[in-house]
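# A structural walkthrough
Read off the chains here:
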Amino acid sequence: LGRVARLAALCRALRGREEQRDEAGWARARDEAEAVRRELRDIVQPLREPGYREALRRKTERARKRRLRLQRRKREAEAAREERAARAAEREAEIDRWRAKCIQEVEEKNREQELKAAADSVLSEVRKKQADTKRMMDILRALEKLRKLRKEAAGRKGVCPPPSADEEFENQVESLKTLLKNRTDLYEAEERALRVMLEGEQEEERKREMEKKQKKEREKLLQQKLEIDSKLFGDPDEFPLAHPLQPFREYYLQAEHSVAALIQIRHEWDQYLVPADHPEGSCIPPGWVLPSLPTNDTWATAVR
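The structure presented is a predicted model; accordingly, all values stated were derived computationally and were not measured.

Turning to the overall build of the chain, a few remarks are in order. The number of helices and strands found in the chain is seven helices and zero strands. Along the chain, from the amino end to the carboxyl end, the secondary structure elements read α-α-α-α-α-α-α. Against the compact-globule benchmark of 19 Å for 304 residues, the chain has a radius of gyration of 52 Å, which places it well outside the compact range. Sorting the 304 residues of the chain into buried and exposed places 9% on the buried side. Residue pairs in contact within the chain that sit at least 24 positions apart in sequence constitute 59% of those at least 6 positions apart. With 68 positive and 61 negative side-chain charges, the chain shows a spacing of 8 Å between the two charge centroids.

Okay, the packing of helix H1 (residues 2-20) against helix H2 (residues 23-44) next. Relative orientation and spacing of two packed helices are given, respectively, by the angle between their axes and the distance between those axes. Remark: H1 packs on H2, axes separated minimally by 9 Å, with the N-to-C direction vectors making an angle of 155°. What the angle tells us is that H1 and H2 run roughly antiparallel. For H1 against H2, the interelement crossing comes out left-handed. Where H1 approaches H2, its residues Arg3, Val4, Arg6, Leu7, Leu10, Leu14, Arg17 and Glu18 are matched on the opposing element by Gly25, Trp26, Ala29, Arg30, Glu32, Ala33, Val36, Arg37, Glu39, Leu40 and Ile43.

Under the criterion given, the structure shown has 17 salt bridges. Two residues, Glu34 and Arg37, come together in a salt bridge whose shortest N-O distance is 2.3 Å. Here Glu34 and its partner Arg37 are both found in helix H2, three residues apart, which amounts to about one turn of the helix. Under the relative-accessibility criterion, Glu34 is labelled partly exposed at 29%. The salt bridge involving Glu78 is made with Arg81; its shortest N-O contact spans 2.0 Å. Taken together, the residues span about one helical turn, with Glu78 and Arg81 both in helix H3 (residues 52-156) at a distance of three residues. Looking at Arg81, the relative accessible area reads 41%, which means it is partly exposed. Each of the salt bridges in this network shares a partner with another, and the network as a whole consists of Glu34, Arg37 and Arg38.

Attention shifts here to the domain arrangement of the chain. Assigned domains of the chain: these are domain 1 (1-48) and domain 2 (68-231). Summarising the inter-unit geometry, the C-alpha centres of domain 1 and domain 2 are found 107 Å apart.

What follows concerns the layout of surface pockets. One water molecule sets the probe size; rolling that probe over the atoms shows where empty space is left. Of the pockets and cavities examined, the second largest pocket occupies roughly 290 Å³. Surrounding the second largest pocket, Lys101, Gln104, Glu105, Glu108, Lys212, Lys215, Lys216 and Glu219 form its lining. Elements represented by at least two residues in the lining of the second largest pocket include exactly H3 and helix H4 (163-233). Split by residue class, the lining of the second largest pocket holds no nonpolar, one polar and seven charged.

This paragraph deals with helix H6 (residues 259-270). Between its first and last C-alpha, H6 extends 16 Å over twelve residues, near the 16 Å set by a 1.5 Å rise per residue. For H6, the N-terminal capping position is held by Ser258, with its side-chain oxygen 3.3 Å away from the main-chain nitrogen of Ala261.

Each value, and the rule that gives it
Just so you know, the residues in each chain are numbered from 1, in the order the chain's sequence is written. In keeping with the predicted nature of the model, local features appear solely for residues at pLDDT of at least 70, side-chain atom pairs appear and are counted solely at 80 or more, and the whole-chain, interface and lining totals rest on all residues. Side-chain numbers come from the whole structure's heavy atoms, not from hydrogens or water. To qualify as a helix, a DSSP run of H or I must reach at least 4 residues; to qualify as a strand, a run of E must reach at least 2; elements of each kind are numbered from the N terminus. With the radius of gyration taken over C-alpha atoms, the globule rule is written as 2.2 Å times the number of residues to the power 0.38. Only protein chains enter the calculation, and the probe is 1.4 Å; a residue is then buried if its accessible area is under 20% of its type maximum, exposed if over 50%, and partly exposed in between. Should any heavy atoms of two residues lie within 4.5 Å, those residues are counted as being in contact. The charge count includes Lys and Arg as positive and Asp and Glu as negative, but it does not include His or the ends of the chains. The atoms used to mark charge sites are NZ of Lys, CZ of Arg, CG of Asp and CD of Glu. Think of each axis as a best-fit line through the C-alpha atoms, taken over the contacting stretch in the case of a helix, with angles from 0 to 180 degrees between the N-to-C directions. Roughly parallel refers to an angle under 35 degrees, roughly antiparallel to one over 145, roughly perpendicular to one between 65 and 115, and oblique to any angle outside these ranges. Crossings are classed by handedness, with left-handed meaning an anticlockwise turn of the near helix from the far one by less than a right angle and right-handed meaning a clockwise turn. Definition used for salt bridges: Asp or Glu carboxyl oxygen within 4 Å of a side-chain nitrogen of Lys or Arg. Boundaries between domains were set according to an automatic or database domain assignment. Here a cavity denotes grid points, spaced 1 Å and computed from the protein atoms alone, that fit a 1.4 Å probe unable to get out, and a pocket denotes an open set having protein on both sides within 12 Å along at least 5 of 7 lines; residues with an atom within 4 Å of a point are the lining. Grid points are joined across faces, edges and corners, and a volume is the space filled by probe spheres set on the points. Polarity classes work like this: nonpolar for Ala, Val, Leu, Ile, Met, Phe, Trp, Tyr, Cys and Pro, charged for Asp, Glu, Lys and Arg, and polar for all others, with Gly in that last group. Between the first and last residue of a helix there are one fewer steps than residues, each counted as 1.5 Å, and that sum is the expected span. In protein, a polar contact means a hydrogen-donor-capable atom and an acceptor-capable atom, both N or O and within 3.5 Å, with residues adjacent in sequence counting only if both atoms are side-chain atoms; elsewhere, any N or O pair within 3.5 Å suffices.

Written as structure tokens, this is what we have:
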């Protein structure tokens, strides 16, 4: 096309030189136009050969298909890369959730152990104080016994202490016994409080373990229900609103969203209630009646 335009421009230049009677310029333009005409003839010559247009069309079609194939591969590679990135992000998020859960469990366990260790330490200290108090009481009783023995020995020798000494000794002993008794009561109260606290922590631990167990049971039951619903109605994540089976899904699940529909469905079921030994009927199943597995490939294809 460029050469055609060049040739047209040279033709116009030739006409202009002819009108101006410029023989030298006309000759140069003619030679240049003749050269361009020969180049254009050489280029156009293959187009006149039989089968060239068909070969050119096939070549163009192959180039177009190759371009579409490369574009499709590029889109598929981009989609696969985005999917891998999404899966990696989901795995990272799941790992982060698992790590945070593990860290929380370890921190809770460490706090419980620290609290238990602190309580055991305080309880050990209280028991040590109780043992010291008991030892002091034993010392007081030994002192009373020793003074009694010495007093009897002195009496046999004719030496009698004054009554004021006995009274002062008794007052000192009673004062010390009262002090030790108060301390014993205080330490027993502390021990009871610590035992109540430890029992409370143990009860909380048992309660948490029970809640974890119940949570696992609920998750297991929920997973079983989802599996049953998936077998009966398909995977809800892969079930678009415009799916042809969506009205049937809404019909069979209407009792989960409407009390009136639940009452109506139960009323229709109750019409068929019969005793367990009735020859023409059986009891209502407690849950969904799951379909049996396909017995041949044709049935399996229809189910899929």
